[in-house]
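A closer look at the structure
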Amino acid sequence: GVGAGSSGSDYPGAGRSQSVMTEEIITVDVSELEPPLPLQAITERLRDLRRDQKLKVIHRMFPCVLPELAEKMRMKYQVLVQTEERVEVLIEHQEA
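Residues numbered from 1 in each chain as written. Predicted model: local features only at pLDDT ≥ 70, side-chain atom pairs only at ≥ 80, totals over all residues. Heavy atoms only, no water.

What follows concerns the environment of Lys56. Note that Lys56 resides in strand E2 (residues 53-59). On the basis of relative accessibility, which here comes to 22%, the residue Lys56 falls in the partly exposed class. Put simply, Lys56 and Tyr77 are 21 residues apart on the chain and 9.4 Å apart in space, counted from C-alpha to C-alpha. Not counting the four nearest positions on each side in its chain, Lys56 is found in contact with Ile25, Ile26, Thr27, Val28, Leu80, Glu88, Val89 and Leu90. In this structure the side chain of Lys56 is engaged in a polar contact, spanning 3.4 Å, whose partner is the side chain of Glu88. (Helix = DSSP H or I, 4+ residues; strand = E, 2+ residues; numbered from the N terminus. Buried < 20%, exposed > 50% of the residue type's maximum accessible area, 1.4 Å probe, protein only. Contact = heavy atoms within 4.5 Å. Polar contact = N/O pair within 3.5 Å; in protein donor to acceptor, adjacent residues only side chain to side chain.)

Structure below.
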């Protein structure tokens, strides 16, 4: 009857298994950039995006070229937040 209360193996994060296929979200905030830098930043990151990653773009307004860009790069996107001065879009690979 040993109490398993203070065994010391209880370090933070011990209970969270890393074997689960978790998707990584990369956030890029282009809201402070002057055009055409936001588009360049988004394009570069999409080019490097792995299948298990998603790109979250934060911008002042919805990038009007995004639908075209996403299609060209075989990505899909969803708008998470859209207000007067802030937009957040999540971009990921289309399922093959």
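Take the sheet that holds strand E3 (residues 75-82) next. Sheet architecture is open: 4 strands sit in the order E1-E2-E4-E3, paired in mixed fashion. The open sheet has two edge strands, strand E1 (24-29) and E3, and neither has a second partner. For this sheet, the mean inter-axis angle between neighbouring strands, taken without regard to orientation, is 20°. Looking at chain direction, E1 and E2 are connected through 6 bridges and run parallel. Within E2, the position partnered with Thr27 by the bridge is Lys56. Sitting on the sheet, helix H1 (residues 37-48) is in contact with E1, E2, E3 and strand E4 (87-93), with an inclination near 175° to E2. (Pairing = 2+ DSSP bridges. Axes fitted to C-alpha atoms, helices over the stretch in contact; angles between N-to-C directions.)

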